[in-house]
Every structure is written in C-alpha cells, then in structure tokens.
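One letter stands for each residue in the lines below.
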Amino acid sequence: MNAEEGAEHVANEATPMPAGPEPPGADMVAAARQLRREFELIQMESEFAVEEVLTKISILRQEFVRLRRYNPIEHVNSRVKTPASTLHKAIRLGVDPNPAGIREAVKDIAGVRITCSFIADTYRVLDALTAQADVRVLSVKDYIKAPKPNGYKSLHALVEIPVFLSTGPVHVPVEVQVRTIAMDFWASLEHKIHYKYEGEVPPRLVERLSAAAKASERLDEQMEGLYAEVREAREPTTDEDEERLDDRMLMRLWNSARDGHAVHREEEA
C-alpha cells in the first residue's frame, strides 16, 4: 500500500458513515400516545353531547305534537368536527394546537342545526331548549333580527351540556343553530358558492345572494302571515272534534270520581 492509498484508508476509517433517523425514544412515544388519547376523548365527548341534545330535541318535538297538536320542528341535523378540522380551526384562531388550548378556544366542535317552519317557531324552540335546568347558555347571537352583512340569518346559541362518563360528568360545549326552511336553503347555497370560489366570490354573485336573502325574508313573512290566517279561519277537524270529545269524557269521569269520593266521606262520617 503506497502513501496515497494509506491516507485514503485512514480517512475512510475516521469518517463515520451517515446514520439514518434515530428511532423515537420511549418518552416521545408515550407523549404521542397520550396526545392521541386526548384528541379521541375530545371527539368522544363531543359525540355524546350531540346525542344528548338530539334526545332533548326529540322529547320537545313529541311534547309539541302530543300536547299542542303542532310540530314546529321540520328537520334536525348534527355534526362533529373531525380532528383535522378542529386542528385547522385552532390554527386559524392562533391557538396552540394542543388539547388544553383546543378545549379552551374551539367551542363549535359539536354542532346541532334545527330547521323550523316559521320565524316564531325558531324562538319558541330555542327558548324551550335553553330553559332546561341542565343546559347552561354561554352565548346567544340573533342573526334573524340583526342579519350578517351578506344576508345570513339564523339563531346561534352556544350551550354547555353535561355528559356523564364513568369518571364523572363533563360539561361539553355545543353550538345550536335554529333557522327557518327558507333561511336554511339560502345558507346552504351561500356555503356552496363560498366553497367553490374559495372565499373570493365574484361581486355579481354577492349581489344576487343579497337579493335572494331579501326574497327569503319576504317569503318567511308571507308564509307566517298566511299560516296565521288559516289557523284563525279553518273549520274544526275530526281530530279536534275527537279531542273535544275526549275532554268531555275526562271531565265527566273527574266529576263522577269527585262525587263518589264525597259520598264515601259522608258515609264514613
């Protein structure tokens, strides 16, 4: 081996071969698992909170139908943000994308939308829901009386619902939106247009959406007025006749039971 070959041999021995990425340490793996568990817990709690709200709405709907012979609720939809969507929302809000920061700042992971027939129904349903003892109202935004600049109308309520787990109760925020059919149709169309143009909606479409929002408002007012007029002028239906008959029968039974109770007391005396 000459001097040049010897020098190259020494250099090869002195220079270490590039190593691949080091495997994650036990601490890093444990931290990753804990982080995943925290996100799964947030997701699970939100899903359970939505189920609780849906149950409450179902009970209210049945109460309206059975006791008031009227159902103000047309449709109910719900959703829970995916973890990716939740992280994106946290980043947009400038919040550290960790479980603690997300719990503090992102309040609309769970959402429920109630679609009603008329404007008056939206307030009636929201009042009935938020009046329940275990529903804590965090905020209410009335975009019906004060629409957004683009014409959007809806009631938004941020409520807190208790979810009872094996470890104890957890209070989970749920965003509840209540709107009419016309408002929902407009909002759905506006969302599709906004998504298609990635937020850069052409001015001509903005103008047409604004005009459509006003037309939707007029439709709500006309339909509500028409319904009120029909309710005042309509003839009693068979169901109403049966209901009145049932009322008379119940009153007769009540009077009979009361009279019998009075006779029984006189005999005892």
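Residues numbered from 1 in each chain as written. Predicted model: local features only at pLDDT ≥ 70, side-chain atom pairs only at ≥ 80, totals over all residues. Heavy atoms only, no water.

Trainee: Can you walk me through the sheet that holds strand β3 (residues 136–142) in this structure?
Mentor: Strands in a sheet are paired, the pairing made by backbone hydrogen bonds, and the direction either parallel or antiparallel. Strands sit in the order β1-β2-β5-β4-β3 across an open sheet of five strands; the sheet is mixed. The sheet is open, and its two edges are formed by β1 (73–80) and β3, each paired on a single side. Going from strand to strand, the sheet's axes swing by 25° on average, the running direction of each strand aside. Sheet contacts for helix α5 (residues 119–130): β1, β2 (110–116), β3, β4 (155–165) and β5 (168–180); angle to β5, the most-contacted strand, approximately 170°. Contacting β1, β2 and β5, helix α6 (residues 181–196) runs over the sheet at an angle of about 95° to β5. (Pairing = 2+ DSSP bridges. Helix = DSSP H or I, 4+ residues; strand = E, 2+ residues; numbered from the N terminus. Axes fitted to C-alpha atoms, helices over the stretch in contact; angles between N-to-C directions. Contact = heavy atoms within 4.5 Å.)

Trainee: Mind showing me how you'd approach the layout of surface pockets here?
Mentor: One way to see where empty space is left: roll a probe the size of a water molecule over the atoms. Estimates place the volume of the largest pocket at around 1,100 Å³. Forming the walls of the largest pocket are 33 residues, and the residues nearest its centre are R113, H156, E175, Q177 and H191. Counting residues per element, the ones that place at least two in the lining of the largest pocket are β1, β2, β3, β4, β5 and α6. At seven residues, α6 tops the list of elements feeding residues into the lining of the largest pocket. Within the lining of the largest pocket, the residues separate by chemical class into ten nonpolar, eleven polar and twelve charged. (1 Å grid on protein atoms, 1.4 Å probe; cavity = no way out; pocket = protein on both sides within 12 Å on 5 of 7 lines; lining within 4 Å. Points joined across faces, edges and corners; volume = space filled by probe spheres on them. Nonpolar A, V, L, I, M, F, W, Y, C, P; charged D, E, K, R; others polar.)

Trainee: Please explain the pattern of salt bridges as it appears in this structure.
Mentor: Side-chain pairing between opposite charges can occur once the charged atoms of the two side chains come close. For the structure on display, the rule yields eight salt bridges. For D184, the salt bridge is made with R113, and the minimal N-O distance between the two is 4.0 Å. One end of the pair, D184, is in helix α6; the other, R113, is in strand β2, with 71 residues separating them in the sequence. Using a relative accessible area of 31% as the deciding quantity, one classes R113 as partly exposed. One salt bridge in this structure joins R179 and D184, with 3.1 Å as the shortest N-O distance. No difference in accessibility class separates R179 from D184, as the two residues are buried. (Salt bridge = Lys/Arg side-chain N within 4 Å of Asp/Glu carboxyl O. Buried < 20%, exposed > 50% of the residue type's maximum accessible area, 1.4 Å probe, protein only.)

Trainee: Just checking my understanding: could you explain the nonpolar core for this structure?
Mentor: Burial of nonpolar side chains together is a common tendency in soluble globular proteins. Judged by nonpolar contacts, the single largest core of 27 residues is most densely connected at V112, I114, V159, V174, V176 and V178. Listed by contribution, the elements that provide at least two residues to this core are α2 (26–68), β2, α5, β4 and β5. Excluding anything up to four places from it in sequence, V159 contacts T130, V135, R136, V137, L138, V172, P173, V174 and V176. (Core = buried A, V, L, I, M, F, W, Y, C linked by side-chain atoms within 4.5 Å.)

Trainee: Looking at this structure, I do not really get the packing of aromatic side chains. What am I missing?
Mentor: When we look at a pair of aromatic rings, we describe it by the centre distance and by the angle of the planes. Applying the stated rule across the entire model yields three aromatic pairs. For the ring pair F118 and Y227, a centre distance of 4.8 Å and an interplane angle of 25° mean the geometry is stacked. In this pair, F118 sits in the loop between β2 and α5 while Y227 sits in helix α7 (residues 203–233), placing the two residues 109 residues apart along the sequence. Note on F118: relative accessible area 13%, which makes it buried. A ring pair is formed by Y143 and Y152, whose centres lie 6.0 Å apart and whose planes are at 65°; its orientation type is edge-to-face. Overall, Y143 belongs to the buried group, its relative accessible area being 17%. (Phe/Tyr/Trp six-rings, centres within 6.5 Å; stacked < 30°, edge-to-face > 60°.)

Trainee: I tried to follow a nonpolar patch on the surface on my own but got confused; where do I start?
Mentor: On the surface, a cluster of nonpolar side chains totalling about 340 Å² of accessible area is made up of L219, M223, L226 and V230. Relative to the helices and strands, L226 resides in helix α7. (Patch = residues over 30% accessible without salt bridge, like charges linked within 9 Å, V, L, I, M, F, W, Y side chains within 5 Å. Areas by Shrake-Rupley, 256 points an atom, 1.4 Å probe, with all protein chains shown as cover.)

Trainee: Sorry, what's going on with the pairing of β2 here?
Mentor: Successive residues of a regular strand alternate their side chains across the two faces of the sheet. Within β2, six of the seven residues are buried, leaving the element largely enclosed by the surrounding structure. Alignment of β1 against β2, held across seven bridges, turns out to be antiparallel. Each bridged residue has a counterpart across the sheet, and for S78 the counterpart in β2 is V112. Two elements, β2 and β5, share seven bridges in a ladder whose sense is parallel. Across the sheet, R113 pairs through a bridge with Q177, a residue of β5.

Trainee: When you look at α5 in this model, what are you seeing that I'm missing?
Mentor: One turn of the α-helix equals 3.6 residues, which is why residues spaced by three or four share an orientation. Here α5 is twelve residues long and its end C-alpha atoms lie 17 Å apart, about the 16 Å a rise of 1.5 Å per residue gives. Along α5, the positions that sit buried rather than exposed are I119, D121, T122, V125, L126, L129 and T130. Buried residues of α5, seen end-on, are gathered within an arc of 155° and therefore sit on one face of the element. (Expected span 1.5 Å × (residues − 1). Arc of directions from axis to C-beta.)

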